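Coordinates in review
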Amino acid sequence: MIPIQNLYYMLAYAFRVLHERRYQGFVSEPFPNAGELLAAILIREVSGQLKQGMGRDYLSRSEPLSAVRGKLDLSASLKDQTLLRRQLVCTYDDFSVNTCLNQVLKTTLCTLLRSDLSAPRKKEVRRLLLYFGEVDTQDPRTISWHFHYHRGNQRYQLLMFVCRLILNGLLQAAGEGSRQLDYCDEQSMSRLYEKFLLSYYRRHFPQLNARAAQIFWQLEDGMRDMLPVMRSDITLSHGNRVLIIDAKYYAHTTQVYYDIHTIHSHNLYQIFTYVKNKAAAHSTPESVSGLLLYARTDDAIQPNGTYQMSGNKISVRTLDLNAPFSDIALQLDGIAVEHFGATLAKFRIN
């Protein structure tokens, strides 16, 4: 179980908005569980969004009207016999707050009211719901989390991510007969783990040019039909050295077969493919390395090793997210120093 404070730090790295002054007290506040922290962030962020104005968008509507608006739908008018009521079916765009993003927000707030959230925060949730009278709700199990963000709704990224953590965590808890969100689902935490690692290296080691870079297949005949896109979680590069990090967040860091623990085979195949294709396109192929970085679990056996594979170094490590955050930072700094040299630590930005 990740300490609540570390969960907040991970979110703060992934979403810079949490560094604003109005969130400063969250670091020291003794939240009893992850649900209380996520609910507090959601309440604070929704309140800020309401002050700026709820996001709106043009939504297509079709209904019988007494006065023409937008585009006439004569076939629908004849089918529904609206002419008998002196109406015509019109299709028009309505600039509405009833957007998909706001629907997810309302759905999450309503779900929190049915959870074991503390009474003061439930009171705040009820207050916020007063502003969502024109917004519909969705079935939490059918929400599609692939949203398009632009300048107008950029602040909704954090809101949607927190909603996803809350709803998926509560759905898991409901399946086990509980209404308390004291953990988050593995898929959402895996995404947060990736974003945290990438943001950490971008902030503290800008000279490493950290990015989620695409790796291109090195093909002899140029045939790329049906080949999947390869995109690393984190690629660090400095000079001629490259480190490709594949972040993994699992309940178990090894696979077990007849009491023998081994690295997850598909993870190893994936990082090997990334490294060899990147090395084939690099001026000095041997300077490309790979790292499988697992979030440490409570398992007795944890993967830890370095292998030389066809001229390239591939390492497997675990990151202890249960440690004090200062120790987590030391672990991540150590990875950068190990692969790019000790002088790099002198240029770390706090």
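One can find the structure itself at the top, above this paragraph.
Quantities reported herein were computed from a predicted structural model and do not represent experimental measurements.

1. Things to note about helix H7 (residues 186-204)
Its 19 residues give H7 an end-to-end C-alpha distance of 27 Å, which sits within 8% of 27 Å, the value for a rise of 1.5 Å per residue. Burial analysis of H7 places 14 of its 19 residues in the buried class, which makes it a mostly covered element.

2. Details of the pattern of salt bridges
Inspection of every chain in the model, using the stated rule, returns nine salt bridges. A salt bridge links Glu-29 to Arg-121, with the nearest nitrogen and oxygen atoms 2.8 Å apart. Residue Glu-29 is found in the loop between helix H1 (4-14) and helix H2 (34-52), and its partner Arg-121 is found in helix H5 (residues 119-129); the two are separated by 92 residues along the sequence. Assessed through its relative accessible area of 13%, Arg-121 is described here as buried. Here Asp-246 makes a salt bridge to Lys-248, at a shortest N to O gap of 3.4 Å. Judged by relative accessible area, Asp-246 falls into the buried class, the value being 2%. Overlapping salt bridges, with partners in common, bring together Arg-22, Glu-45 and Arg-155 in one network.

3. Points about a nonpolar patch on the surface
A cluster of nonpolar side chains, namely Val-68, Leu-72 and Leu-74, defines an oily patch on the protein surface of about 280 Å² accessible area. The topology assignment puts Val-68 in the loop between strand E1 (57-65) and strand E2 (71-72). The exposed category is assigned to Val-68, whose relative accessible area is 56%.

4. Looking at the pairing of strand E3 (residues 88-96)
Direction of pairing for E1 relative to E3: antiparallel, over a ladder of nine bridges. If you follow Pro-64 over to E3, its bridge partner there is Val-89. As paired elements, E2 and E3 share two bridges and run antiparallel to each other. Across the sheet, the residue bridging to Leu-72 is Cys-90, located in E3.

5. Here we look at the sheet that holds strand E11 (residues 305-309)
Strand order in the open sheet formed by five strands is E6-E7-E10-E12-E11, and the pairing between neighbours is mixed. Because the sheet does not close on itself, it has two edges, and the strands there are strand E6 (234-238) and E11. Ignoring strand direction, the axes of neighbouring strands in this sheet form an average angle of 20°. Alignment of strand E10 (residues 288-295) against strand E12 (residues 312-319), held across six bridges, turns out to be parallel. Counted as the bridge partner of Gly-290 is Ile-314 from E12.

6. Description of the packing of aromatic side chains
Tallied over the full model, the rule gives 19 aromatic pairs. For the ring pair Tyr-250 and Tyr-294, a centre distance of 6.1 Å and an interplane angle of 55° mean the geometry is tilted. In this pair, Tyr-250 sits in the loop between strand E7 (241-248) and strand E8 (255-257) while Tyr-294 sits in strand E10, placing the two residues 44 residues apart along the sequence. The exposure class assigned to Tyr-294 is buried, which follows from its relative accessible area of 0%.

7. Points about the nonpolar core
Leu-11, Ile-41, Leu-42, Tyr-193, Phe-196, Tyr-201 and Leu-332 are the most contacted members of the largest nonpolar core, which totals 81 residues. Looking at which element gives the most residues to this core, the answer is helix H6 (residues 156-175), with 11 residues. Judged by nonpolar contacts, the second largest core, of 14 residues, contains Ile-244, Leu-292, Ile-314 and Val-316.

8. Quick word on the environment of Leu-113
By secondary structure assignment, the location of Leu-113 is in helix H4 (residues 100-113). On the basis of relative accessibility, which here comes to 23%, the residue Leu-113 falls in the partly exposed class. Along the backbone, Leu-113 and Lys-123 are 10 residues apart, and their C-alpha atoms lie at a distance of 9.0 Å. Setting aside its immediate chain neighbours within four residues, Leu-113 contacts Lys-122, Val-125, Arg-126 and Leu-129.

9. Quick word on the sheet that holds E2
The three strands are arranged E1-E3-E2 in an open sheet whose pairing can be described as antiparallel. Only two strands of the sheet have a single neighbouring strand rather than two, namely E1 and E2.

10. Here's the deal with H1
Extensive coverage of H1 is indicated by the burial of nine of its 11 residues. For H1, every residue scored as buried is listed here: Ile-4, Asn-6, Leu-7, Tyr-8, Met-10, Leu-11, Ala-12, Tyr-13 and Ala-14.

Definitions and limits used
- Residues numbered from 1 in each chain as written.
- Predicted model: local features only at pLDDT ≥ 70, side-chain atom pairs only at ≥ 80, totals over all residues.
- Heavy atoms only, no water.
- Helix = DSSP H or I, 4+ residues; strand = E, 2+ residues; numbered from the N terminus.
- Expected span 1.5 Å × (residues − 1).
- Buried < 20%, exposed > 50% of the residue type's maximum accessible area, 1.4 Å probe, protein only.
- Salt bridge = Lys/Arg side-chain N within 4 Å of Asp/Glu carboxyl O.
- Patch = residues over 30% accessible without salt bridge, like charges linked within 9 Å, V, L, I, M, F, W, Y side chains within 5 Å.
- Areas by Shrake-Rupley, 256 points an atom, 1.4 Å probe, with all protein chains shown as cover.
- Pairing = 2+ DSSP bridges.
- Axes fitted to C-alpha atoms, helices over the stretch in contact; angles between N-to-C directions.
- Phe/Tyr/Trp six-rings, centres within 6.5 Å; stacked < 30°, edge-to-face > 60°.
- Core = buried A, V, L, I, M, F, W, Y, C linked by side-chain atoms within 4.5 Å.
- Contact = heavy atoms within 4.5 Å.

None of the figures reported here should be taken as evidence of function without further support.
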